[in-house]
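# Descriptive structure summary
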Amino acid sequence: MAKQKIAYVCNDCGAEHTQWQGQCMACNEWNTLSRIMLGAATSPSAPKNFKPKDAQNSESRTQVLGSIDLNEQPRFTTTIGELDRVLGGGLVPGSVVLIGGNPGAGKSTLLLQVMCQLSEEMEALYVTGEESLQQTGMRAKRLGLPTDNLKMLAETNIEEITQAAEECQPKILVVDSIQVMHSADVASAPGSVSQVRECAAYLIQYAKQTGTALILVGHVTKDGNLAGPKVLEHMIDCFMMLEGGEDNRYRTLRGQKNRFGAVNELGVFAMTGLGLKEVKNPSAIFLARTEEISPGSLVMVLWEGTRPLLVEIQALVDSSQYNNPRRVAVGLDNNRVAMLLAVLHRHGGLFMADQDVFVNVVGGVKVTETSADLALLLAIVSSFKDSTLPRELVVFGEVGLAGEIRPVPSGQERLQEAAKHGFTRAIVPKANAPKKPIAGMDVIAVSKLSEALEAL
Ligand code: TYD
Ligand code: MG
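Procedures and definitions
Residues numbered from 1 in each chain as written. Chains lettered and ligands numbered in written order. Predicted model: local features only at pLDDT ≥ 70, side-chain atom pairs only at ≥ 80, totals over all residues. Heavy atoms only, no water. Helix = DSSP H or I, 4+ residues; strand = E, 2+ residues; numbered from the N terminus. Buried < 20%, exposed > 50% of the residue type's maximum accessible area, 1.4 Å probe, protein only. Contact = heavy atoms within 4.5 Å. Areas by Shrake-Rupley, 256 points an atom, 1.4 Å probe, with all protein chains shown as cover. Lys, Arg positive; Asp, Glu negative; His and termini not counted. Charge placed at Lys NZ, Arg CZ, Asp CG, Glu CD. 1 Å grid on protein atoms, 1.4 Å probe; cavity = no way out; pocket = protein on both sides within 12 Å on 5 of 7 lines; lining within 4 Å. Points joined across faces, edges and corners; volume = space filled by probe spheres on them. Nonpolar A, V, L, I, M, F, W, Y, C, P; charged D, E, K, R; others polar. Pairing = 2+ DSSP bridges. Axes fitted to C-alpha atoms, helices over the stretch in contact; angles between N-to-C directions. Domains from an automatic or database assignment. Buried area = accessible area lost by both parts, 1.4 Å probe. Salt bridge = Lys/Arg side-chain N within 4 Å of Asp/Glu carboxyl O. Near = heavy atom within 4 Å. Polar contact = N/O pair within 3.5 Å; in protein donor to acceptor, adjacent residues only side chain to side chain. Phe/Tyr/Trp six-rings, centres within 6.5 Å; stacked < 30°, edge-to-face > 60°. Lys NZ or Arg CZ within 6 Å of the ring centre and 35° of its normal. Parallel < 35°, antiparallel > 145°, perpendicular 65-115°, else oblique. Arc of directions from axis to C-beta.

Now for the overall build of the chain. Regarding its fold elements, the chain presents 11 helices and 21 strands. When its C-alpha atoms are laid out on the principal axes, the chain stretches across 80 × 50 × 50 Å. For the chain, with 456 residues in total, the buried portion stands at 47%. Long-range contacts, defined here as pairs at least 24 residues apart, represent 67% of the contacts in the chain between residues at least 6 apart. Accessible surface for the chain amounts to roughly 22,000 Å². Of this, 50% is attributable to carbon and sulfur atoms. Put simply, the chain has 43 plus and 50 minus side-chain charges, and the middle of one group is 2 Å from the middle of the other.

Another point: empty space enclosed by the protein. By the definition in use, this model includes two cavities of 30 Å³ or more. Contributing to the lining of the largest cavity are Ser108, Leu112, Tyr126, Thr128, Glu131, Thr136, Arg139 and Asp176. Of all the secondary-structure elements, those providing two or more residues to the lining of the largest cavity are helix 2 (107-118), strand 5 (124-128) and helix 3 (133-142). Taken together, the residues of the lining of the largest cavity break down into two nonpolar, three polar and three charged.

Let us look at the sheet that holds strand 5. Taken in spatial order, the nine strands make up an open sheet running 6-5-7-8-4-9-10-11-12, and their pairing is mixed. Looking at which strands have only one partner, the edges of the open sheet turn out to be strand 6 (151-154) and strand 12 (275-278). With strand direction ignored, the average angle separating the axes of adjacent strands in the sheet is 25°. Bridge analysis of strand 5 against strand 6 gives four bridges, and the strand direction is parallel. Its bridge partner lying in strand 6, Val127 is registered against Leu153.

A few words on the domain arrangement of the chain. Entries for the chain in the domain assignment read domain 1 (1-43), domain 2 (75-280) and domain 3 (285-455). When each unit is reduced to the centre of its C-alpha atoms, the spacing between domain 2 and domain 3 is 37 Å. Of the residues lining the interface, 13 residues belong to domain 2; the matching set on domain 3 comes to 11 residues. For the domain 2 and domain 3 pair, buried surface summed over both sides reaches about 990 Å², with 47% attributable to carbon and sulfur atoms. Counting across the interface, domain 2 meets domain 3 through two salt bridges.

A word on the site of ligand 1. Taken together, the neighbourhood of ligand 1 is formed by 17 residues, with Gly104, Lys107, Ser108, Thr109 and Thr272 sitting nearest. Ala105 is positioned with one of its backbone polar atoms (N or O) 3.4 Å from an oxygen atom of ligand 1. Between ligand 1 and Gly275, the relevant distance is 3.0 Å, taken from an oxygen atom to a main-chain nitrogen or oxygen of the residue. Relative to its unbound accessible area of 560 Å², ligand 1 is 76% covered by the protein chains. At the level of elements, helix 2, helix 3 and strand 11 (266-272) are the ones that each hand at least two residues to the shell around ligand 1. Looking at which element gives the most residues to the shell around ligand 1, the answer is helix 2, with three residues.

Before going further, it helps to examine the sheet that holds strand 20 (residues 425-429). Pairing within the open sheet is mixed, and its seven strands lie in the order 15-16-14-13-17-20-21. With one partner strand each, in any of the chains shown, strand 15 (327-330) and strand 21 (442-446) form the two edges of the open sheet. Averaged over all pairs of adjacent strands, the angle between strand axes in this sheet comes to 25°, irrespective of strand direction. Strand direction decides the pairing type here: strand 17 (residues 393-395) and strand 20, joined by three bridges, are parallel. Within strand 20, the position partnered with Leu393 by the bridge is Arg425. Docked against the sheet, helix 8 (residues 334-348) engages strand 15 and strand 16 (355-361), running at close to 125° with respect to strand 15.

Quick look at the packing of aromatic side chains now. Counted under the stated rule, the structure contains zero aromatic pairs. Sitting above the plane of the Phe396 ring, Arg414 keeps its charged end 5.4 Å from the centroid.

Moving on: the side chain of Asp84. In this fold, Asp84 is placed in helix 1 (residues 81-87). Within the buried core, Asp84 has no salt-bridge partner, and the shortest N-O distance to an opposite charge, that of Arg75, equals 7.8 Å. Apart from the residues lying within four places of it in its own chain, the contact partners of Asp84 are Thr77, Thr78, Thr79, Gly89 and Gly90.

Running from N to C, helix 2 and helix 3 point in directions that differ by 70°, and their axes come no closer than 11 Å. When the interaxial angle is binned, helix 2 and helix 3 end up roughly perpendicular. Contacts between helix 2 and helix 3 involve Ser108, Thr109, Leu112 and Cys116 on the former and, on the latter, Thr136, Arg139 and Ala140. A breakdown of the residues in the contact of helix 2 with helix 3 according to their chemical character gives three nonpolar, three polar and one charged.

Let us look at helix 10 (residues 411-420). All buried positions along helix 10 are accounted for by Gly411, Arg414, Leu415, Glu417 and Ala418. Angularly, the buried residues of helix 10 cover 160° about the axis, an arc narrow enough to put them on a single face. The inward-facing, buried residues of helix 10 contact helix 7 (282-286), strand 13 (297-304), strand 14 (307-319), strand 17, strand 20 and strand 21. Downstream of helix 10 by a residue or two, Gly422 has a phi angle that is positive, lying close to 90°.

With that settled, consider the packing of helix 4 (residues 158-168) against helix 5 (residues 193-210). To describe two helices that pack against each other, one gives the angle between their axes and the distance between the axes. Viewed as axis vectors pointing N to C, helix 4 and helix 5 meet at an angle of 10°, and their least axial separation amounts to 10 Å. In terms of orientation, helix 4 and helix 5 fall into the roughly parallel class. Judged by residue contacts, Ile158, Glu159, Ile161, Thr162, Ala165 and Glu166 of helix 4 engage Cys199, Tyr202, Leu203 and Tyr206 from helix 5.

Set out below in structure tokens:
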């Protein structure tokens, strides 16, 4: 009997080591190595031959870049516009998409909707390793989805799955979820680093060789990382996260990696009694403000992928009971808030070292760009001075350490979106001031923080 090989794999970067050590030599993280058994017969990436699309009998295996046939199969729509948007315009045949999210985020629901609709036009196979076929069938029926053509398989063995796929040759294959899959070649439990890695590699190889669009579902851990090795993120083409908890009706789908389109594109859905519905005009939902607005509330214009998004930001500044005042940011980066408070002190003359500062982005939106800086500071000032900001005011702009207001991309489009939603006043960076006036929009262009504070 061949001897089993043992390797130590880093959970963070996926690097392999021959012996255990406290620190990963590749990424320098501590305590991330776990022991895996490599199958005797197959090394981790031993090529498995699925029916290749075109027989490879050419003499040379290399090709000149310019001679490569670019007439690839066109993308196809998932039938859900917001999902297509995050994918960069639809699914690419042979590509591998990973959808991550907390339990209950709606990954299975979203994919079931997509697959039922797509099965009307093409061969589609949905593999469920978590729910029974009855459960899935009942859900599809309740959601009123077409169920006559979608092929289903309840299976967790990866070899069985690819075999079934080879038989029915789907154009699109969903595997829900990658963490419950296992391969007979690997002698460790499903969900372990080595199993997830092996199973993903196996499926990806199948997808690439047959030109099948593959969608994998992945779970996230408490700290928001994808469970299992980070290496999964390197293996796939697109990675997107479905976010929004049980207590929130809205779900956002954010692209984090995309080899076929823009990254950081945002899709917005609402969870309804009839499954996930697209929200085509997301600004409208995040803007539902109360009749009376209070100090510290302000609307900013973010840029999400290829479109603007109007979101309300709220700040609360209150004298602190502690020596160490609290800085709490929900939906924003804590360090950035601390940095901006320092800028406010130094260049705005407002001292907040004895104040607790809380900031929140309404609707559970996570802000990842710097164009929120100016709005954040003005909201903080508004709460600090206990004076309400005008309801019809929008703000965007990056704040530099020298107190300068820096321009942000797509200023014109942001202003147009704000005007469309009935805003009539804006404070923006000088370089973003519109060349042609926008109808009904009174724009104040500022180049320094002090000017913005004056404008208030
Ligand atoms: P699910 O797709 O099972 O989540 P995941 O696969 O990401 O773990 O979604 C389950 C949640 O969605 C659950 O909290 C109930 C809710 N839900 C609705 O509100 N309406 C619906 O029509 C469906 C199908 C689910
Ligand atoms: Mg699920």
